[in-house]
Amino acid sequence: MAIFLTGSTGYIGAHVLSELLSGYDERVALLIRAKNEQEAAQRLWHALQLHMDFAKFREYLRSRITIFRGDLTDWRFGLDAADYGRLIAETHSVIHCAASLNRKSEKSCMNVNLRGTLAVIQLAHRAHGLRRFSFVSTVAVAGRRQRETVAEDTSIDWNISDWDPYARTKKFCEHMVRELLPDVPKTIFRPSIVLGDTRYGATTQFDMVRAFAFLAGLAVLPLRPNDRIDTVPVDYVAQAIARIHQQENPAHEIYHLSSGAASETCRQITDALARASGGRKPTYVPALSGMFEGTVNWLSNRKGNLGRNASLLKVFLPYLYWNVVFDNSRVAAEMGAAPAPFTQYCYPLLKFSRENRFRYPYVDWAAAEANSATAMAAMPALQNRGAVS
């Protein structure tokens with residue numbers, strides 16, 4: 001029997017998979033889009049090399065992981081009858097992480113988020129005695145709120161407008177999970193802005209970091225200095241998802257994976273960056289926010305890197321302007337601790353991203369295999385030297 005995990009080659013999904021492999025004993029069934037088995041394994045290695053070396057990855061691939069080559073948006077995931085039946089028979093719980101984060105594309109969010117979630121729900125219906133269905137949503141389902149603290153059970157109000165297609169489809173996905181799986185134990189996780197890792201500066205997700213880096217480099221910021229930004233590290237998010245999913249009876253059905261009341265202000269974050277880098281603190285001029293937003297909207301329609309960066313910033317800006325805190329007392333109680341504040345790890349994240357030009361230095365399969373073989377060949381010589389001494 002296995003945990004069926006979707007989105008394992010994505011940012012949060014890869015962290016969740018790493019937590020499941022390192023902290024628990026169950027097998028994991030993964031759905032990966034690929035033309036053949038080798039391509040599927042390579043995509044998974046691409047996602048997991050931030051978390052483990054190649055030898056450990058190969059060990060898990062052999063002993064703990066089953067890969068099903070398919071697509072979330074295809075009928076029965078594009079699997080033949082035998083493989084789909086095998087996936088149903090193996091699945092005893094589900095963690096649905098996969099999603100389209102394209103906040104500008106209604107089509108992408110409809111296809112991946114709505115149709116994909118429905119396909120996972122259909123599989124859950126067919127899996128007898130499902131232990132738990134965990135769905136990774138977002139705090140953005142709360143909609144266009146400002147200057148308030150939002151609790152889990154009052155987040156969704158269908159009369160409040162949504163920020164974007166991503167938030168809108170995730171809200172409806174939550175509705176489908178509740179309505180279509182009434183008798184299955186469910187957990188809904190709502191991360192806030194997931195940015196960085198407390199353990200190291202390295203990251204494989206750079207879209208939000210690019211926007212953050214751009215703002216961090218400005219001498220004048222069109223923001224209110226005392227507005228709070230609810231940011232949470234990905235390692236805390238992954239640990240919470242894995243731990244609560246594996247519990248027999250979690251205390252709640254919905255958890256905000258957020259910084260909550262401890263969310264830091266814009267000024268606290270920029271002051272911390274200035275101290276760490278030896279740079280100057282920015283000047284805050286909130287009156288420029290309208291002009292700045294208009295410029296970003298105009299630039300986002302241009303081609304090239306400038307247009308791409310402006311598009312990322314356009315998506316990021318509402319999360320800076322809404323000044324909303326998402327109560328995290330539930331997850332803090334479950335985990336025994338609140339997440340680390342962003343100021344403790346934001347500078348290593350920014351430094352790594354800039355030094356690597358916003359790209360992770362991936363090691364391809366062939367090089368990893370060669371390095372692993374060299375390390376294995378050297379082990380007997382090292383052991384012999386140790387025995388002689």
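Residues numbered from 1 in each chain as written. Predicted model: local features only at pLDDT ≥ 70, side-chain atom pairs only at ≥ 80, totals over all residues. Heavy atoms only, no water.

(A) Structural detail: the pattern of salt bridges. What the rule picks out here adds up to 15 salt bridges. Among the ionic pairs, R224 bridges to D227, the shortest N-O distance being 2.7 Å. The class for R224 is partly exposed, based on a relative accessible area of 28%. On the basis of relative accessibility, which here comes to 7%, the residue D227 falls in the buried class. Salt bridges here are not isolated pairs; linked through shared partners, they connect E174, R178, R190 and E253. (Salt bridge = Lys/Arg side-chain N within 4 Å of Asp/Glu carboxyl O. Buried < 20%, exposed > 50% of the residue type's maximum accessible area, 1.4 Å probe, protein only.)

(B) Local environment of helix α7 (residues 207-216). Within α7 the residues assigned to the buried category are M208, V209, A211, F212, A213 and L215. Here the buried face of α7 lies against β8 (193-194), β9 (220-221), α9 (266-277), α10 (289-299), α11 (304-321) and α13 (346-355). (Helix = DSSP H or I, 4+ residues; strand = E, 2+ residues; numbered from the N terminus. Contact = heavy atoms within 4.5 Å.)

(C) Expanded view of unusual backbone geometry. Look at R76: it is not a glycine, yet its phi comes out positive at around 50 degrees. Here R76 lies in the loop between β3 (65-69) and α4 (81-90). Not every positive phi belongs to a glycine, and N323 is a case in point at roughly 50 degrees. Residue position: N323 is located in the loop between α11 and β15 (325-326). The class for N323 is buried, based on a relative accessible area of 15%.

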